[in-house]
Structures are given as C-alpha cells and as structure tokens.
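Understanding the architecture of this molecule
Read off the chains here:
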Amino acid sequence: MSATQDAQAQIPVTVLTGYLGAGKTTLLNRILTENHGQRYAVIVNEFGEVGIDNDLLVESDEEIFEMNNGCICCTVRGDLIRTVQNLMKRKNAFDAIIVETTGVADPAPVAQTFFMDDDVRASARLDAVVAVVDSRHVLQRLEDTEEAEDQVAFADVILINKTDLVSPEELSEVEARIRSINPYAVLHHSERCGIEIAKVLDRGAFDLDRILSLDPHFLEHGHHAHECAPDCDHDHDQDHHHDHGHHHHEENPHSVKSISLTAGDLNPEMFFQWINQVTQVQGPNILRLKGILAFKDDPQRYVIQGVHMIVEGDHQRDWKAEEPRQSRLVFIGRDLNWDVLKQSFQACAA
Ligand SMILES: Nc1nc2c(ncn2[C@@H]2O[C@H](COP(=O)(O)OP(=O)(O)OP(=O)(O)O)[C@@H](O)[C@H]2O)c(=O)[nH]1
C-alpha cells in the first residue's frame, strides 16, 4: 500500500482536552448537532463516579462510547485501545473519531495510544489535539495545576473560550500566557465554543516532531510522566509498563477528588438556596460541579453545572417513563468537606 493510500485508510482522531469545565462538552455538542455530513464516533472518558457527561451530550445519531472510572493513562488506555479496535472492525460506519478526555488528564498518554498499539496505528491517525481553555479561570489553573499546563503545551489547536466572562485586557493577558507555553498552536477565541467546526476537526495538525522536542520519550513504550489521579483503581504493582517515568500519588489531602451525591426528588427552593450557599462559601475549591436533578412535581430533568462560583442551570427534557427520577450531583474539587456536602444535599429532599 502506498503512503497516500495508507493515510486514506487511517481514520482521523481528534483528542479533545481542556481543564474541568472549560467547554469540551459544549464543543462536542456543537460538533454533534452541526450539519457537516460527517459521521463521528465519540469516546468519552470522565472523572467522577456517576456518569453524567453522557447525559449532558445532545441526543444525536452519533455513537457515544463511555469510559468511566479510572485515569486515562492506566485502566482507560486499555479500554481505549479495545474501543478503537472494535470501532475499526466496522470500517465504513463512521468517518472520524473524537476522544474527549477528562478535565484532569494529561492528554499525552491518550495521544500516545495512537502510536503505541500496532493495530490502532494501522487504522487510525492522530489528527490533532484540541484544547479548550476557560479564559476566566485559566491563569489560576496554570498556577496551581500541572495538567492544565500540559494540556496547553500539548495542543495543536487551542480554543480560548468563555470570552464573554473576561475583559479585552484580560483576554490579551490569557493569550500571552498561552503563547508563552505553546508558541505553535493555532489559537481561536470563542464564546460557547462557537467556532467553525472545520477549524477544529480534520486539521492534520498533530506534529510528532514538536511533541518529541517537548517529550523525547513520547514514543517509548509505557513511558509517561503522569501522576495517576488519586482514585485511579489501577493495580500499579502488576503493570509492567509502569516501571519508569511513573510517580504514583501518595494520598494527598489537597489533591483533586470527586464526590457523587444522589437523592430522589428535591425541593427546588431548598436546593437553590443550598447550592448558592455552597458555591459562595466553597467556590474557590470547587473546580467543577454538574448534576441532573429531579424537582418535585416537575416533569422535566433539570441540569445544573458550575465552575467555581459560576453556576448555571436549565431544564433539559422530560423524564422518560422508564427512567428512575433520581437526582445526581457531582462535585470535583479540593479540600471539600464531603460528609457535610452529602448530608446537606440530602436535606434538600422533597
Ligand atoms: N459564560 C460562558 N459559559 C460557558 C461558555 N462555554 C461553556 N460554558 C459553560 O461552562 C460550563 C462547562 O462547560 P462544559 O462544556 O460542560 O465543560 P467541560 O470542559 O466539558 O467540563 P468537564 O467535562 O467537567 O471537564 C457549562 O455550564 C457551559 O454551559 C462560554 O463561552 N461562556
């Protein structure tokens, strides 16, 4: 097979990265609803126990594959390889693959997957790593979170999103900081990820040479300078690929954790009062919150989302007859008092 034929046979893969709450799902929803004539397979990996991200995606004909529980470098890398291999068996079913990584992941191990596994490499090619950045919170994140910097450094295309939440001066500052980390990526500004999809997908932008200059060990089997998330359930002792370049976390009380809360029908007045109070008081530590809620006597599901103190919510759709009316809320953050949150959430029950 000639090199051109080879490239044609390989399905383009876009890895979507960006810190918690930056706007990855918003972008994905645009891609899934826009009339672009392409068929995408979407692979979603999320942080947190109760699968909520999948519920926040619009309903579309596109196929969504969810990979939960585990950090993407460990448990999930195996899942990713298997998912891609299975997708490849159905050759003409779709034109491209999008992998949405969790907000706390370093995208490098995900990108590596497309070079490491021979079967995957034969049939898929990494097209671009696209990072979405929350212009309101990114400067703080770059100060306190290594993954946020990795995501920017590694990206081929960067969407500086949420421009409505910053002044032009702040936006320039954000852009300069991002440029100082990654002078090569193509930058776009956006509000609610409103961008022409062609500027994001099928860019042919992934530049292996540049990545090797950032990380000379990128192509070495099993190498990644990644710290597993604290709730990574991967058995590291038995992993033969983890014997170098890997530093597992000691349980760090300040590291990012997720908590999932569940309840039945809620009293809306009590709930909104509670969530306002929680986000006012604990906002700085809440990196992300998202939930699907059942309010008493309300036939519709209510979706609530937040990043630090900015919270928004809306009705989504009717609860389906076969769907249990359950309220689920996930907080991802540092130094949150889980017991208190749980009890006070459950106290909002109708
Ligand atoms: N004001 C404003 N809000 C935005 C913008 N883009 C996204 N949002 C909101 O920000 C929140 C997070 O957006 P998501 O798309 O869910 O972010 P995400 O990166 O998928 O989040 P995780 O999956 O948790 O990492 C949601 O409430 C969005 O509606 C924007 O440009 N401006």
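Structure shown above.
So, here's what we can say about the structure. (Residues numbered from 1 in each chain as written. Predicted model: local features only at pLDDT ≥ 70, side-chain atom pairs only at ≥ 80, totals over all residues.)

Okay, the overall build of the protein chain next. Looking only at helices and strands, the protein chain features 12 helices and 12 strands. When burial is assessed residue by residue, the protein chain has 39% of its 350 residues classed as buried. Within the protein chain, residue pairs in contact and separated by at least 24 positions form 76% of the contacts whose partners lie at least 6 positions apart. (Helix = DSSP H or I, 4+ residues; strand = E, 2+ residues; numbered from the N terminus. Buried ≥ 20, exposed ≤ 12 C-beta atoms within 10 Å, placed from the backbone. Contact = placed C-beta atoms within 7 Å.)

Attention shifts here to the site of the ligand. Neighbouring the ligand are 22 residues; Lys24, Thr25, Thr26, Gly103 and Gln305 lie closest to it. Among the elements of the structure, helix H2 (24-33) and strand S10 (300-307) are those that each provide at least two residues to the shell around the ligand. A per-element tally of the shell around the ligand places H2 first, with three residues. Here the shell around the ligand gathers at least three residues from each of two domains, domain 1 (3-242) and domain 2 (257-346). (Near = placed C-beta within 6 Å. Domains from an automatic or database assignment.)

In this section: the nonpolar core. In this structure, Ile97, Val129, Val130, Val133, Ala155 and Ile158 are the most contacted members of the largest nonpolar core, which totals 71 residues. Counting residues per element, this core draws most heavily on strand S5 (residues 124-134), which supplies eight residues. For Val130, the contacting residues outside a window of four places in its chain are Thr14, Leu16, Ala155, Val157, Leu159 and Val200. (Core = buried A, V, L, I, M, F, W, Y, C linked by C-beta atoms within 7 Å.)

What the five strands build is an open sheet, ordered S8-S12-S9-S10-S11; its pairing is antiparallel. The sheet is open, and its two edges are formed by strand S8 (257-263) and strand S11 (310-318), each paired on a single side. Across the sheet, the axes of successive neighbouring strands diverge by a mean angle of 10°, strand direction being ignored. Sheet analysis places strand S9 (residues 286-294) next to strand S12 (residues 327-333), joined by six bridges and oriented antiparallel. Across the sheet, residue Gly291 finds its bridge partner in S12, namely Leu329. In this fold helix H11 (residues 268-282) packs onto S9, S10 and S11, with an angle of close to 175° to the strand it touches most, S9. Against the sheet, helix H12 (residues 338-346) engages S8 and S12, with an angle of about 20° to S8. (Pairing = 2+ DSSP bridges. Axes fitted to C-alpha atoms, helices over the stretch in contact; angles between N-to-C directions.)

Positionally, Phe154 belongs in helix H8 (residues 146-154). Using a count of 25 C-beta atoms within 10 Å as the deciding quantity, one classes Phe154 as buried. Sequence separation between Phe154 and Ile211 is 57 residues, and the spatial gap between their C-alpha atoms is 7.1 Å. Setting aside its immediate chain neighbours within four residues, Phe154 contacts Pro107, Ala108 and Val129.

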